[in-house]
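Understanding the architecture of this molecule
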Amino acid sequence: MDAFEAIKVTFFQECDELLADLEAKLMLLEQGQTDLETINAVFRAVHSVKGGAGAFGLEALVRFAHVFETLMDELRAGRKPCDTVTIKTLLRASDVLADHIQAAQGLIPQVDEGRSAALVVELEMLTHGGEAPPVVEDEDDDFGFMPMAFDMPLDEPAATTPETPAVGWRVVFKPLGRMYANANETGLLLRELGRLGPITVALDDGEVAPLEALSVEDGCLTWTIDLDSAVDEAAVREIFDFVESDCELTITPLGANMGGASDMSTTFEDEPAAILPASDDLDIAALLAKAGGAVVETPSEAIPFAAFEPEPAPVVAPPPVAAAVPTPAPAAAAPASAPVAPAPVTIRVDLDRVDRLINVVGELVIQQAMLSQRVLESGLARSSGIALGLEDLELLTREIQDSVMAIRAQPVKSVFQRMPRLVREVADMVSKQVRLVTVGEDTEVDKTVVERLAEPITHMLRNAIDHGLETPDERIAAGKSAEGTVRLAALHRSGRIVIEISDDGRGINRERVKKIAIDKGLIAADAPLTDEQIDNLIFAPGFSTAAVVSDISGRGVGMDVVKRSIQALGGRISISSVPGKGSTFTLSLPLTLAVLDGMVVAAAEQTLIAPLPAIVESLTPQAADLHFVGGVDPVIRFRERFLPLIDVALIMGFREQPMNPTDGVAVVVETESGQQAALLFDAIQGQRQVVIKSLETNYQQVEGVAAATILGDGRVALILDVDVIVTDMRRKSIRPDFKLAS
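Attention now moves to the overall build of the chain. The helix and strand inventory of the chain stands at 23 helices and 23 strands. A burial count over the chain gives 45% of its 742 residues as buried. For the chain, the accessible area works out to roughly 37,000 Å², and carbon and sulfur atoms hold 54% of it.

Taken N-terminus to C-terminus, the directions of helix α1 (residues 3-30) and helix α4 (residues 84-105) make an angle of 170 degrees; their axes are 10 Å apart at the nearest point. The orientation of α1 with respect to α4, classified from their angle, is roughly antiparallel. Taking contact as the criterion, the partners of Phe 12, Cys 15, Leu 19, Leu 22, Glu 23, Leu 26, Met 27, Leu 29 and Glu 30 in α1 are, on α4, Ile 87, Leu 90, Leu 91, Ser 94, Asp 95, Leu 97, Ala 98, Ile 101, Ala 104 and Gln 105. Of the residues in the contact of α1 with α4, the class split is 14 nonpolar, 2 polar and 3 charged.

Take the sheet that holds strand β23 (residues 716-720) next. Here we have 5 strands laid out as an open sheet, ordered β21-β13-β14-β23-β22, and mixed in their pairing. Two strands in the sheet have a free side with no partner beyond their single neighbour: β21 (683-691) and β22 (705-710). Shown here is a sheet whose adjacent strand axes are inclined to one another by a mean of 35 degrees, direction ignored. Two elements, β22 and β23, share 5 bridges in a ladder whose sense is antiparallel. When the sheet's bridge partners are listed, Ala 707 is paired in β23 with Ile 719. Where helix α11 (residues 351-378) meets the sheet, its contacts fall on β21 and β22, and the angle it forms with β21 comes to roughly 150 degrees.

With respect to the helices and strands, Leu 645 occurs in strand β18 (residues 641-647). Ignoring sequence-local partners within four residues, the contact set of Leu 645 consists of Leu 626, Pro 634, Val 635, Ile 636, Pro 661, Ala 666, Ala 678 and Leu 680.

This brings us to the sheet that holds strand β10 (residues 496-503). Here we have 5 strands laid out as an open sheet, ordered β7-β9-β10-β12-β11, and mixed in their pairing. Where the open sheet ends on each side, the last strands, each with one partner, are β7 (433-439) and β11 (572-578). Ignoring strand direction, the axes of neighbouring strands in this sheet form an average angle of 15 degrees. Summarising the sheet, β11 and strand β12 (residues 582-590) pair through 7 bridges and their orientation is antiparallel. Within β12, the position partnered with Ile 575 by the bridge is Phe 585.

As a further point, take unusual backbone geometry. With a phi close to 65 degrees, Glu 605 is a non-glycine residue in the positive phi region. Position of Glu 605 among the secondary structure elements: in the loop between β13 (595-603) and β14 (606-611). Relative accessible area serves as the criterion here: at 79%, Glu 605 is assigned to the exposed category. For Glu 640, which is not a glycine, the phi torsion comes out positive at approximately 65 degrees. Topologically, Glu 640 is positioned in the loop between β17 (633-638) and β18.

This part covers the nonpolar core. Ranked by size, the top nonpolar core spans 47 residues in total, and within it Ile 457, Leu 461 and Ile 499 carry the most contacts. Looking at which element gives the most residues to this core, the answer is helix α14 (residues 419-430), with 6 residues. For Ile 457, the contacting residues outside a window of four places in its chain are Val 415, Phe 416, Met 419, Leu 488, Ile 499 and Leu 587. Among the nonpolar cores identified, the runner-up in size contains 37 residues, and Cys 15, Leu 22, Phe 56 and Leu 61 belong to it.

Turning to the packing of aromatic side chains, a few remarks are in order. Tallied over the entire structure, the rule returns 3 aromatic pairs. Measuring from centroid to centroid gives 5.2 Å for Phe 11 and Phe 12, while their planes differ by 50 degrees, and the two rings are tilted. On the basis of relative accessibility, which here comes to 7%, the residue Phe 11 falls in the buried class. On the accessibility criterion, Phe 12 (6% relative accessible area) is buried.

Below, the discussion takes up the packing of helix α3 (residues 59-77) against helix α5 (residues 113-128). Their axes nearest at 9 Å, the elements α3 and α5 cross at an angle of 25 degrees. The pairing of α3 with α5 is recorded here as roughly parallel in orientation. For the crossing formed where α3 meets α5, the hand is left-handed. Only Ser 116, Leu 119, Val 120, Leu 123, Glu 124, Leu 126 and Thr 127 of α5 make contact with α3, whose side of the interface consists of Phe 64, Val 67, Phe 68, Thr 70, Leu 71 and Glu 74. Taken together, the residues of the contact of α3 with α5 break down into 8 nonpolar, 3 polar and 2 charged.

What follows covers the pattern of salt bridges. Evaluated as defined, the whole model comprises 35 salt bridges. The shortest N-O distance in the salt bridge between Asp 21 and Lys 25 comes to 3.0 Å. Separated by 4 residues within a single helix, Asp 21 and Lys 25 lie in helix α1, roughly one turn from each other. What makes Asp 21 partly exposed here is its relative accessible area of 31%. Note that Glu 470 and Arg 475 form a salt bridge whose closest N and O atoms lie 3.0 Å from each other. For Glu 470, a relative accessible area of 8% gives the class buried.

A word on helix α18 (residues 510-519). Of all the residues in α18, the buried ones are Arg 510, Val 513, Ile 516 and Ala 517. The buried residues of α18 occupy one face: seen down the axis, they fall within an arc of 130 degrees. Away from its buried face by more than 90 degrees, α18 exposes Glu 511, Lys 515 and Asp 519. With its phi angle positive at about 75 degrees, Gly 521 sits one or two positions after the end of α18.

The next thing to look at is the pairing of β13. The buried fraction of β13 is high, at 8 of 9 residues. The sheet contact formed by β13 and β21 spans 8 bridges and is antiparallel. Within β21, the residue paired with Gly 598 across the bridge is Arg 688. Alignment of β13 against β14, held across 6 bridges, turns out to be antiparallel. Bridged to Met 599 within β14 is Ala 610. A loop of 2 residues connects β13 with β14, the two strands running antiparallel in sequence, and Ala 604 in this loop sits at a positive phi of about 50 degrees.

The next point concerns the confidence of the model for the chain. Averaged over the chain, the pLDDT score is 76; the fraction of residues at 70 or greater is 77%. Of the regions scoring below 50 in pLDDT, residues 257-338 engages in 153 contacts with residues more than four places distant in sequence or in other chains. Here residues 734-742 is a poorly scored stretch, pLDDT under 50, and it has 12 contacts once near neighbours within four places are set aside; other chains count.

Definitions and cut-offs
- Residues numbered from 1 in each chain as written.
- Predicted model: local features only at pLDDT ≥ 70, side-chain atom pairs only at ≥ 80, totals over all residues.
- Heavy atoms only, no water.
- Helix = DSSP H or I, 4+ residues; strand = E, 2+ residues; numbered from the N terminus.
- Buried < 20%, exposed > 50% of the residue type's maximum accessible area, 1.4 Å probe, protein only.
- Areas by Shrake-Rupley, 256 points an atom, 1.4 Å probe, with all protein chains shown as cover.
- Axes fitted to C-alpha atoms, helices over the stretch in contact; angles between N-to-C directions.
- Parallel < 35°, antiparallel > 145°, perpendicular 65-115°, else oblique.
- Contact = heavy atoms within 4.5 Å.
- Nonpolar A, V, L, I, M, F, W, Y, C, P; charged D, E, K, R; others polar.
- Pairing = 2+ DSSP bridges.
- Core = buried A, V, L, I, M, F, W, Y, C linked by side-chain atoms within 4.5 Å.
- Phe/Tyr/Trp six-rings, centres within 6.5 Å; stacked < 30°, edge-to-face > 60°.
- Left-handed = near helix turned anticlockwise from the far one by under 90°.
- Salt bridge = Lys/Arg side-chain N within 4 Å of Asp/Glu carboxyl O.
- Arc of directions from axis to C-beta.
- pLDDT = per-residue confidence, 0-100.

Right, dumping it as C-alpha cells:
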C-alpha cells in the first residue's frame with residue numbers, strides 16, 4: 001500500500017468515528033437538547049468529512065456534505081429553528097452521508113441517487129426557506145460551490161476605519177494552497193469571526209502573481225482582521241481549528257504592536273448582497289475569488305465583503321441595519337476564564353499487534369504460574385529470596401495482564417450507536433412509531449466481544465420492532481401511547497456483561513407459540529411445559545411465528561443462530577415476557593475472552609476452576625445442616641435458608657456414587673438471575689488468575705464447562721459454567737416429585 005492509500009484508509013477510519021459522533025449528537029437533538037454546543041458538534045463532524053473528502057477528490061461526497069453543512073451553519077447562527085421537521089431531515093441526511101462514505105470506500109456499489117438528490121432539495125429548502133435555489137456550477141469549480149457575492153462596485157470607496165477599540169483581537173491569517181485543496185473557504189472563516197463581534201478586514205495582495213502566471217491553488221493573500229469584541233482567545237482560535245495546520249495564523253490582543261492601519265481596511269457585514277454585474281474585470285475577480293474569496297483591483301483600493309455564502313432566495317428587503325455585527329448572546333455568555341480541557345492523545349495500532357501482545361502476556365502468566373508451582377514443590381521457605389522474588393513477579397505479571405487487557409477493552413457505544421439508524425429504518429418499513437432508549441453505552445468489554453455483538457443485537461431489535469411492538473392504532477386501543485419504546489441496556493453483573501433488549505409491546509403469545517411448536521413436531525401435544533420452556537421454543541431451529549415471510553424479521557426466524565452466536569462467546573440468552581406488557585431478552589457474556597480470576601478446586605481427582613465472581617462463600621458442611629429431599633437430593637442450611645447441594649463430580653460423570661458431604665467443601669455460588677446453590681467439591685486448592693482457552697474450538701462443547709485453561713504444572717483444567725450447572729444440569733437430576741423435607 002502506497003503512502004496516499006494509507007492516508008486514505010486513515011481518513012475512512014476517522015469518518016467512522018465522525019459518523020458515530022454525528023449520530024450521537026443528532027440523537028441528543030432529537031431528545032430536545034438543541035443547545036449551541038451540540039449543534040456545533042454536528043457541524044464540525046460534517047465539516048471534517050467534507051474537508052477530508054475534498055482532499056481525495058470525492059466530489060459526490062463533498063457536494064452532499066456541503067449542502068448538509070450549509071444547513072447546520074444556519075442552525076448554529078440562529079437563523080433557522082432546530083425544530084422536529086429539521087431534526088428528522090438531519091437524521092435522514094446522516095444516513096445518506098454514511099451511504100456516500102461507504103460508496104467512496106467501495107463497501108456498497110453506489111448511492112441511491114434519487115434518494116440523495118431528493119434529500120439535497122429538502123436540505124436546501126430548509127436552508128433558504130421555501131423553494132430551493134438552483135446550484136450555480138462553475139466549469140472550473142471541482143466542488144460545485146456557489147460564487148461569492150459582494151455588495152458594491154469595484155470603485156466604491158473604502159469604509160472608514162473605526163477608532164481603535166479598547167478590547168479585542170488582531171488576527172493575521174494567510175491561507176496556504178492545501179487549505180483550498182481541503183475544500184475550506186476563507187469567506188466562511190471571516191463570516192464566523194463576524195459573528196463574534198464587529199470586525200475590520202484588511203487584505204494584502206502583494207504576493208499575487210501576474211494573471212498569466214496566477215495559479216488558483218497558490219495561497220497568495222494575507223488577511224488582517226481586527227475583532228472588536230470582548231471574547232476570549234479560545235473562541236477566536238476555535239474558528240480556525242480545522243485549518244490551523246493549513247495556514248499561517250497569529251492572534252494578538254488589539255493595541256499590542258498594531259502599527260498603522262492598512263488603507264485597504266473595511267468593515268465586514270454579515271448580511272445578504274447581490275451578485276456583481278458582468279464586466280470585463282470579472283475574469284480576474286473569479287480567479288481571485290477561488291483563491292481566497294476576495295476581489296482586488298489595486299493595493300490602494302478597498303474591497304468591502306458583504307457575504308461569503310450563496311445568494312438566498314428572493315425575499316422582502318429587510319430594514320437597514322448597522323454595519324457592525326452585534327455579538328451573539330451564546331458567544332458572550334461563555335466565561336472568559338473557562339479552562340479548555342486538553343484533548344486525549346491517542347495512537348492507532350493494528351489489532352493483530354495487540355492480539356500478539358495479549359497472547360504473549362498470556363503465556364507469561366502461565367510461565368509465572370509454573371515457576372511458582374516448581375518453587376512450591378521444591379520445599380523452599382516462603383521467606384526465601386526466590387519465593388519473595390516470585391511474589392513480586394506475580395504482582396508485576398498481574399499488573400501487565402490488567403494493563404494489556406485495558407488496551408483491548410472498548411465501550412459498547414460503538415455497537416449501540418449503529419442501532420438508532422436501524423430502528424428508524426425498520427420503524428418506517430412497518431409504519432410504527434418507535435423510540436430507542438440506550439443505557440450504559442460506556443460499559444467496557446473485550447473488543448472481540450464487542451465486534452460479535454452487533455449481529456445478534458441487530459436481529460433482536462428487528463424482532464422487537466416488527467413483532468414485539470403493536471401498531472399505533474393497536475397501542476392506543478390497548479391504552480398505551482402510540483409510540484412504542486425499545487430499550488437497549490448494558491451493565492456489569494457478577495463479573496460478566498449483560499445486554500438487555502426490552503420492549504413495551506404485546507409480549508409473547510404462549511398459546512400460539514405452543515401450537516406452532518406442536519404443528520412443526522417440535523414437542524408432543526401433551527407435553528407439560530412451563531412458561532419459561534414455552535418462551536424458549538422460539539430458539540428452536542426453524543421455529544417462526546411469522547404468518548408472512550418478510551425481509552425484516554419473524555420472531556424466531558434466526559433466533560437459533562442468535563443463540564449459537566452468544567454461546568460461541570461463552571454467553572447465554574434468556575427471555576422474560578409478560579403478555580400485554582412486553583418482553584425482555586437478556587444476553588450474558590464474559591467481560592473478556594482472555595483471562596479469568598478463579599478458584600482452583602478438586603473433584604474426584606479432577607482439577608477444576610470455579611469463576612471467582614460467582615462465588616459467595618465457602619464452608620464445610622455439618623451433618624446437622626444437611627437434609628435430603630425425598631431421601632435422595634441433598635440440601636444444606638445456609639443463613640436460615642435451604643440451598644440445593646450439588647455434587648459436581650457426580651453430575652459431570654467423574655464418579656458414579658455421591659460422596660459424603662461432610663467429607664468435602666461446599667462453595668456457595670450465585671447465578672446471574674440471583675439463584676443460589678452450593679457446589680460440593682473434594683477440596684479447595686487456591687485462587688489464581690488463569691488464561692482462558694476455548695474448549696469448543698480445540699475439542700467440542702461440553703455441558704457445564706465454559707472453557708479450559710493451563711495450570712502451573714502444565715495440566716489442563718476445565719472452567720465451570722456455574723449457571724448451567726445450577727439451572728440445567730441440576731434440573732435433570734431432580735426427581736419430578738420434588739418436595740422439601742420437613
